[in-house]
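Observations on chain architecture
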Amino acid sequence: MSTLKADTIQSTGGGAATLTKQKAAKVLWDLNGTGTIALLDSFNVSSAADLATGYYQINYTNAFDTANNMPLSGTLNFVDLDVTLTIAKTASYMQVYTLKSTNATAHDSKPFGATDGDLA
């Protein structure tokens, strides 16, 4: 058995290596969902859009090979019992709703998510 040890792996072009055919999160995002929305932290996300009250779209930098990826989303606002649900997905983006315990949409202070699958 061989052991490979490295601090950094780059593509042949010098950029970040592309992860394919692995079951690992290819998209990660953490959003400030109130006021002017902003990505607090992200991986493989080009932008986030505020589509309506409690309705966000997360656009991927690198698309998946199909729309059959596995998006997951959630929230850290447990005081109001908010829940963030993935409602639409394509190879290029995911859309989420944030709902209050009353089933009304609302801007959430801290929605987050990840998507697993194979990149194109």
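Preceding block: the structure.
The rules behind the values
Residues numbered from 1 in each chain as written. Predicted model: local features only at pLDDT ≥ 70, side-chain atom pairs only at ≥ 80, totals over all residues. Heavy atoms only, no water. Phe/Tyr/Trp six-rings, centres within 6.5 Å; stacked < 30°, edge-to-face > 60°. Helix = DSSP H or I, 4+ residues; strand = E, 2+ residues; numbered from the N terminus. Buried < 20%, exposed > 50% of the residue type's maximum accessible area, 1.4 Å probe, protein only. Pairing = 2+ DSSP bridges. Axes fitted to C-alpha atoms, helices over the stretch in contact; angles between N-to-C directions. Contact = heavy atoms within 4.5 Å. Polar contact = N/O pair within 3.5 Å; in protein donor to acceptor, adjacent residues only side chain to side chain. Salt bridge = Lys/Arg side-chain N within 4 Å of Asp/Glu carboxyl O.

1. Side note on the packing of aromatic side chains
Under the defined criterion, the tally for this structure stands at 2 aromatic pairs. A ring pair is formed by Tyr55 and Tyr97, whose centres lie 4.5 Å apart and whose planes are at 20 degrees; its orientation type is stacked. On the criterion of sequence distance, the pair formed by Tyr55 in strand β4 (residues 55-60) and Tyr97 in strand β7 (residues 93-99) is long-range, its members being 42 residues apart. Their ring planes at 75 degrees and their centres at 5.3 Å tell us that Tyr60 and Phe64 sit as a pair that is edge-to-face. Grouping residues by exposure puts Tyr60 and Phe64 together as buried.

2. Thoughts on the side chain of Asp30
Counting through the fold element by element, Asp30 comes out in strand β1 (residues 25-32). Its relative accessible area of 18% is what places Asp30 among the buried residues.

3. What to know about the sheet that holds β1
Pairing within the open sheet is antiparallel, and its 4 strands lie in the order β2-β1-β8-β5. Here the strands that pair on one side only, and so sit at the sheet edges, are β2 (38-43) and β5 (70-75). On average, each strand axis in the sheet is tilted by 15 degrees relative to the strand beside it, whichever way the strands run. In this structure, β5 lies alongside strand β8 (residues 111-116), joined through 6 bridges in antiparallel fashion. Within the sheet, the bridge partner assigned to Leu72 lies in β8 and is Ala114.

4. Some thoughts on the environment of Thr84
Considering the arrangement of structural elements, one finds Thr84 in strand β6 (residues 83-89). Between the alpha carbons of Thr84 and Tyr97 there is a distance of 5.5 Å; along the sequence they are 13 residues apart. When sequence neighbours within four positions are dropped, the list of residues in contact with Thr84 reads Ser73, Gly74, Thr75, Val96, Tyr97, Thr98 and Pro111. Here the side chain of Thr84 touches Gly74 through a polar contact of 3.3 Å, landing on its backbone oxygen.

5. Points about the pattern of salt bridges
Per the stated rule, a full pass over the model turns up 1 salt bridge. Between Lys110 and Asp30 there is a salt bridge, with its nearest N and O atoms 2.8 Å apart. Of this pair, Lys110 sits in the loop between β7 and β8 while Asp30 sits in strand β1, and the two are 80 residues apart along the sequence.

Purely spatial values, then, with no claim about function.
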